[in-house]
Amino acid sequence: MTRAPSFMDRKDLLALAAVAALLLIVFPLALDGFRLNLVGKYLTYAFVAVGLVMCWGYGGILSLGQGLFFGLGGYGMAMYLKLEASSVENTKIQSTPGIPDFMDWNQLTELPWFWHPFHSFPLTLILIVLVPAAFALLIGSAMFKRRVSGVYFAIITQALAAIATILIIGQQGYTGGVNGITDLRTLMGWDIRTDSAKFILYFVNAILLMGVICCALFVRSSKLGRILVAMREKEDRVRFSGYSVANFQIFVFCLGAVFAAIGGAMFTLQVGFMSPSLVGIVPSIEMVIFTAVGGRLSIFGAVYGTLLVNFAKTSLSESFPELWLLGLGGLFIAVVLFFPNGLAGIWRDYVQPSIDRVFRLRSKDPTDPGQNVAKQAASMPAE
Amino acid sequence: MTPIGTQPKDFLLSVEGLTVSFDGFKAVNDLSFYVDENEIRVIIGPNGAGKTTVLDLICGKTRSTAGSIRFRGSELTKMSESQIVLAGVGRKFQTPSIYDDLTIFENLEISYPKGRSVWGALTFKRDQAVRDRVEEVAEIIFLKDRLHDNAAFLSHGQKQWLEIGMLLIQDPELLMLDEPVAGMSVSERIKTAELLNTIIKNRSVLVIEHDMKFVEDIAHKVTVLHQGKILSEGSMEKVKSDPKVVEVYLGH
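Cut-offs and rules
Residues numbered from 1 in each chain as written. Chains lettered and ligands numbered in written order. Predicted model: local features only at pLDDT ≥ 70, side-chain atom pairs only at ≥ 80, totals over all residues. Heavy atoms only, no water. Helix = DSSP H or I, 4+ residues; strand = E, 2+ residues; numbered from the N terminus. Expected span 1.5 Å × (residues − 1). Buried < 20%, exposed > 50% of the residue type's maximum accessible area, 1.4 Å probe, protein only. Arc of directions from axis to C-beta. Contact = heavy atoms within 4.5 Å. Pairing = 2+ DSSP bridges. Axes fitted to C-alpha atoms, helices over the stretch in contact; angles between N-to-C directions. Salt bridge = Lys/Arg side-chain N within 4 Å of Asp/Glu carboxyl O. pLDDT = per-residue confidence, 0-100. Buried area = accessible area lost by both parts, 1.4 Å probe. Polar contact = N/O pair within 3.5 Å; in protein donor to acceptor, adjacent residues only side chain to side chain. Nonpolar A, V, L, I, M, F, W, Y, C, P; charged D, E, K, R; others polar.

Our focus in this paragraph is helix α6 (residues 150–170) of chain A. All names here are of chain A. Between its first and last C-alpha, α6 extends 30 Å over 21 residues, near the 30 Å set by a 1.5 Å rise per residue. Here α6 has its buried residues at F153, A154, T157, Q158, A161, A164, T165 and I168. Each buried residue of α6 sits inside an arc of 140° when the element is viewed along its axis, so together they form one side. Turned more than 90 degrees from where α6 packs its buried face, V151, Y152, I166 and G170 sit exposed. Summarising the contacts, the buried residues of α6 are in contact with α3 (66–85), α5 (121–144), α7 (172–175), α11 (245–271) and α12 (281–294).

Residue and element names in this part refer to chain B. Bridging between strand β3 (residues 40–44) and strand β9 (residues 221–226) involves 4 bridges; their strand directions are parallel. Bridged to V42 within β9 is V222. As paired strands, β9 and strand β10 (residues 229–234) are joined by 5 bridges and run antiparallel to one another. Pairing of H226 across the sheet is with K229, part of β10. Counted along the chain from β9 to the antiparallel partner β10, the turn is 2 residues long, and its residue Q227 has a positive phi close to 50°.

All names here are of chain B. With respect to the element layout, T53 can be found in helix α1 (residues 51–59). For T53, a relative accessible area of 15% translates into the label buried. Measuring from C-alpha to C-alpha, the distance between T53 and V28 comes to 7.3 Å, with 25 residues separating the pair along the chain. With residues near it in sequence (within four places) discarded, T53 still touches V20, F22, A27 and V28.

Let us now look at the sheet that holds strand β1 (residues 13–22) of chain B. Residues and elements named next belong to chain B. Taken in spatial order, the 4 strands of this open sheet run β2-β1-β4-β5, and their pairing is antiparallel. Single-partner strands in this sheet number two, and they are β2 (25–35) and β5 (74–75). In the sheet, strand β4 (residues 66–71) pairs with β5 via 2 bridges, with the strands oriented antiparallel. Residue F71 lies in a different strand from β5, and its bridge partner there is S74. This element, α1, spans β1, β2 and β4 of the sheet and lies at about 70° to β2.

Scanning the entire structure with this criterion turns up 31 salt bridges over all chains. Note that A:R232 is salt-bridged to B:D101, the shortest N-O span being 3.0 Å. Of the two residues, A:R232 sits in helix α9 (residues 223–233) while B:D101 sits in the loop between β6 (89–92) and α3 (104–110), which places them in two different chains. For A:R232, a relative accessible area of 27% corresponds to the partly exposed category. Within this structure, A:E235, A:D236, A:R239 and B:K61 form a network of salt bridges that share partners.

Here the focus is the confidence of the model for chain A. As a general rule, the predicted coordinates of low-pLDDT regions are not to be interpreted in detail. Counting all residues, the mean pLDDT for chain A is 89, and 93% of those residues have values of 70 or more. Within the model, pLDDT remains below 50 along residues 366–383 of chain A, and this stretch shows 33 contacts once partners closer than five positions in the same chain are excluded.

The subject of this paragraph is the interface of chain A and chain B. Listed per partner, the contact involves 25 residues of chain A and 35 residues of chain B. Buried surface at the junction of chain A and chain B, both sides included, amounts to about 2,400 Å², of which 61% is carbon and sulfur. Scanning the region where chain A abuts chain B turns up 5 salt bridges. Inspection of the region where chain A meets chain B yields 15 residue pairs in polar contact (both at pLDDT 80 or more). Looking at side-chain class alone, the side of chain A that touches chain B contains 11 nonpolar, 5 polar and 9 charged residues.

Given below as structure tokens:
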């Protein structure tokens, strides 16, 4: 085995290898194009869940408005793609050619100023990260510097997600309204609607997710990660040890926002549209549930939790659409009451010990170098 | 701002006319006292006298209504909590304030005076100097062989020591301790007195304590607070024989 970077221990490396194997090998081999694209969509939520692990699990800051950041990233990408799809020759039947169709329907005759930067792809990529970070910085500074925290912060973020939805729906001419931004076609001339494009985008998405996971692992292993835990437990002790607690809270909130935004952008690319239904209160809370189910202290658990809940959602909502929301709520309550550490906790308390037992038995046996155990440990690790 | 060096003698800490009122109730009322370099000052007084509030005011947890707190010429009442720490004031809370989910090593490391900004914490390296210092402090606080245990598994007394250790690693010029031996067993108490005697060297200490035996052991000077005001101040002998002190506090 190659030497792990200093921010990962052996367990993290195994867990990362397991996620890589699952996302890059098992899913592409086992699933058809349609299902793979669906998994790709689920994985975009996992970006948000990983951000929530850092923000909520480690930092103790529960945000019920991550949909806002997912949306900012998603809309950023959608605006670029929409502008590319709205070239003058594509839109020559409009009364103002060269602007997105929904603007034309809403009697706009000129591209709004905030759409202009999205003509450039590099600038779009920068803005996808920068705009949510700036928003998070603004919200975080306003809240944390005034020591707003806990349930009050959660309620405010939820309100912000609601406001964002209302704004998007209300400003139809600028945002595409309730339909969102649809009919996205190409990325720098590359048709993203084809099966091969979706296949490639799935891998781009999976690799980005692994990048985000590594980034989260790095933050967790740094002293900052330990300060987050310390803050969650004894905020005053951290403050009176010379730290500006608010700055750390702002940092981790921004980090979560950027992760969510990257997920949002990848959602748009893979699914081909962005709409306010992914911004509001319901998706924001769903993302918290994915995190809780995975285990809010487990970066890897977030990925498994997201996948599991979404698989369940897809299969159950096909058969019992009206029961799904109730089921989801029940699941959340059950997890909080009985498995506060989610899947990762179940893994740690029940599965890991038996693996360790096998490992100890095997290691006494000189014929077995313990490789089987490594394989088992990699099959579904958490944290 | 306050001019520096206007006093005849420079104290480490000068508290003057300090007042704080909570909805009209003056928890600390026009309080003035001075702490010298390397002085161990104990604040005693009955419950509700405002002892803890005084420490809260000095470390910035509570904001004063009036008055000034000067520490080495800087006005603490206008500084943020973290700035006050950086200026050299350390505070131990009454109930042990430690991080249960972190190991003892990590608890101590967080108080190591380096990498306190967000960027600094991200790029902080656990180098040999940090390790040595943490081990050195762990030895002083009798926890050397438990460095990699979670702090949650410590006894109450050990948690108090850990927090004292966290302050020690921070190396403040003024150390404020709120009831460091409260809730300790007799043997822990003796060890704590020994611990405090090691760590008070080369710094000033402000202690709140009820245990009179302990106070007599360590205090250079005693300040008796009553209803937010100074009732008496001076050496232990002087304070003990003050009839007002006997009446409101010691007599009980």
